[in-house]
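Chain and residue survey
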Amino acid sequence: MTPPTRAELISHLVRTGIAGHVDTSRQNNLRHYRRLVQKDPYHQFGLTFSHDWTFSEVLALMSKRCGVVGDEEYVWGIDTIDPDLTVDALEAVADRMALAAERRERVMFATGHPNKLQGTYRVWKDALAARGCPVLTAAGGYTYEVTTERPPNRRFVVWRDDVAIVTDGHLARHSHHPFAMRAILGDLSDRGEPWPQLVIADHGFAGAAGEAGVPTLGFADCNDPALFLAEHEGKLLVTVPLDDGYLTEDYAPLRDYVLARAGLS
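Here is a short report on the structure shown in this document. (Residues numbered from 1 in each chain as written. Predicted model: local features only at pLDDT ≥ 70, side-chain atom pairs only at ≥ 80, totals over all residues. Heavy atoms only, no water.)

**As for the overall build of the protein chain**
Within the protein chain one finds 10 helices and 10 strands. Compactness check: the protein chain gives a C-alpha radius of gyration of 17 Å against a globular reference of 18 Å for 265 residues, within 12% of the reference. With respect to the three principal axes, the spread of C-alpha positions in the protein chain is 50 × 50 × 35 Å. Counting over 265 residues, the protein chain shows a buried share of 52%. In the protein chain, once contacts between residues fewer than 6 apart in sequence are set aside, the share between residues at least 24 apart is 66%. Carbon and sulfur atoms make up 50% of the accessible area of the protein chain, which amounts to about 11,100 Å² in all. Between the mean site of the 27 positive side-chain charges and the mean site of the 36 negative ones, the protein chain shows a separation of 4 Å. (Helix = DSSP H or I, 4+ residues; strand = E, 2+ residues; numbered from the N terminus. Rg over C-alpha atoms; globule rule 2.2 N^0.38 Å. Buried < 20%, exposed > 50% of the residue type's maximum accessible area, 1.4 Å probe, protein only. Contact = heavy atoms within 4.5 Å. Areas by Shrake-Rupley, 256 points an atom, 1.4 Å probe, with all protein chains shown as cover. Lys, Arg positive; Asp, Glu negative; His and termini not counted. Charge placed at Lys NZ, Arg CZ, Asp CG, Glu CD.)

This is the structure in structure tokens:
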């Protein structure tokens, strides 16, 4: 399939709601920004920041980096992701993937949205592997307890097509937590094996990798400000703004655009 042009991709992002007017509501966005400011671990994604961000600062940065409405008086209704910012970030992702392919870097992929983004990551992983990039995995079967849930629930690290996800022992589960990526990096260290030279991930997987100093390309919705703050502070290379709740096939034009720009298609 011929990859889309930039204009065609923007049109697709807006038509689907991956960018433009998105399903993530304004009130949800603002609530999450406040929780990050209040240092709620669930919204920090395993990251620490150089100073105590205020709500106004977070909103201003999200307006600049993501395209949400910058007016603090706008508190209810539809919010937005700027599709040009999405594509700018995707192009940066493609350029860094091209460099990884040229250098045959060690790469790792992980997602807290296993039923949404895993398929896209798997295709990119296959493309980089075909160019000689070693694909790293570690800590398969590691478990941790989610104590914020009642009753507490256990999560398991699973590699599905060499993309890390977490499950409840049976089903793939959505996750913000950094514990899995911390365990993965720790397991590599314990075995005396090198860390990845590039991580492509989202949620706590991306946050924990960036916090540890691993070069990381992240993906985040407009209600998840942590990775955008981390990019601003230099802990992530790029954070791509997009609605992360769509079906795998909805991301196919985005996936193919990146592959084409990176010279990996």
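**Observations regarding the nonpolar core**
If you look at the biggest cluster of nonpolar residues, it comprises 85 residues, and the most contacted ones within it are M97, W124, M181 and I184. Sort the elements by how many residues they give to this core and helix 5 (residues 83–103) lands first, with 8 residues. Those residues in contact with I184 that sit more than four places away from it in its chain are M108, A138, A139, V157, W159, A164 and F205. (Core = buried A, V, L, I, M, F, W, Y, C linked by side-chain atoms within 4.5 Å.)

**Here's the deal with the layout of surface pockets**
Taken as a whole, the largest pocket encloses approximately 180 Å³ of empty space. Lining the largest pocket are D40, P41, Y42, G46, E145, V146, T147, T148, H177, P178, F179 and R182. Of all the secondary structure elements, the ones that give two or more residues to the lining of the largest pocket are helix 3 (41–44), strand 4 (143–146) and helix 7 (179–190). Grouping the constituent residues of the lining of the largest pocket by class yields 5 nonpolar, 4 polar and 3 charged. (1 Å grid on protein atoms, 1.4 Å probe; cavity = no way out; pocket = protein on both sides within 12 Å on 5 of 7 lines; lining within 4 Å. Points joined across faces, edges and corners; volume = space filled by probe spheres on them. Nonpolar A, V, L, I, M, F, W, Y, C, P; charged D, E, K, R; others polar.)

**Things to note about the pairing of strand 10 (residues 238–241)**
Neither face of strand 10 is open: one carries V238 and V240, the other T239 and P241, and all of them are buried. By the bridge criterion, 4 bridges tie strand 9 (residues 216–220) to strand 10 in an arrangement that is parallel. From the neighbouring strand, F219 faces strand 10, where its bridge partner is V240. Since strand 9 and strand 10 lie parallel, the crossover through helix 9 (residues 226–232) that links them has a hand, and here it is right-handed. (Pairing = 2+ DSSP bridges. Right-handed = clockwise from strand over helix to strand, strands pointing away.)

**Quick word on the environment of A98**
Relative to the helices and strands, A98 resides in helix 5. Residue A98 is classed as partly exposed on the basis of its relative accessible area of 23%. Between the C-alpha atoms of A98 and L259, which are 161 residues apart in sequence, the distance is 8.8 Å.

**A few points about helix 10 (residues 252–262)**
Residues spaced three or four apart along an α-helix point in a common direction, a consequence of the helix completing one turn every 3.6 residues. Every buried residue of helix 10 is listed here: A252, L254, D256, Y257, V258, L259 and A262. Directly after helix 10, the chain includes G263, whose backbone phi takes a positive value near 70 degrees.

**Description of the side chain of H176**
On the secondary structure map, H176 appears in the loop between strand 7 (172–173) and helix 7. From its side chain, H176 meets the backbone oxygen of Y42 in a polar contact 3.2 Å long. Beyond its immediate chain neighbours, meaning those up to four positions away, H176 contacts Y42, F45, H203, G204 and D224. (Polar contact = N/O pair within 3.5 Å; in protein donor to acceptor, adjacent residues only side chain to side chain.)

**Focus on the pattern of salt bridges**
Where charged atoms from two side chains of opposite charge approach closely, those side chains can pair. Enumeration according to the criterion identifies 18 salt bridges in this entry. Linking R261 and E91 is a salt bridge whose minimum nitrogen-to-oxygen distance equals 3.9 Å. Here E91 lies in helix 5 and R261 lies in helix 10, a separation of 170 residues in the sequence. The exposure class assigned to E91 is buried, which follows from its relative accessible area of 14%. In this structure, R261 engages D95 in a salt bridge whose closest nitrogen and oxygen atoms are separated by 2.9 Å. Taken together, the residues span a long stretch of sequence, with R261 in helix 10 and D95 in helix 5 at a distance of 166 residues. The class for D95 is partly exposed, based on a relative accessible area of 38%. One salt-bridge network, held together by shared partners, links R6, D84, D88, E91, D95 and R261. (Salt bridge = Lys/Arg side-chain N within 4 Å of Asp/Glu carboxyl O.)

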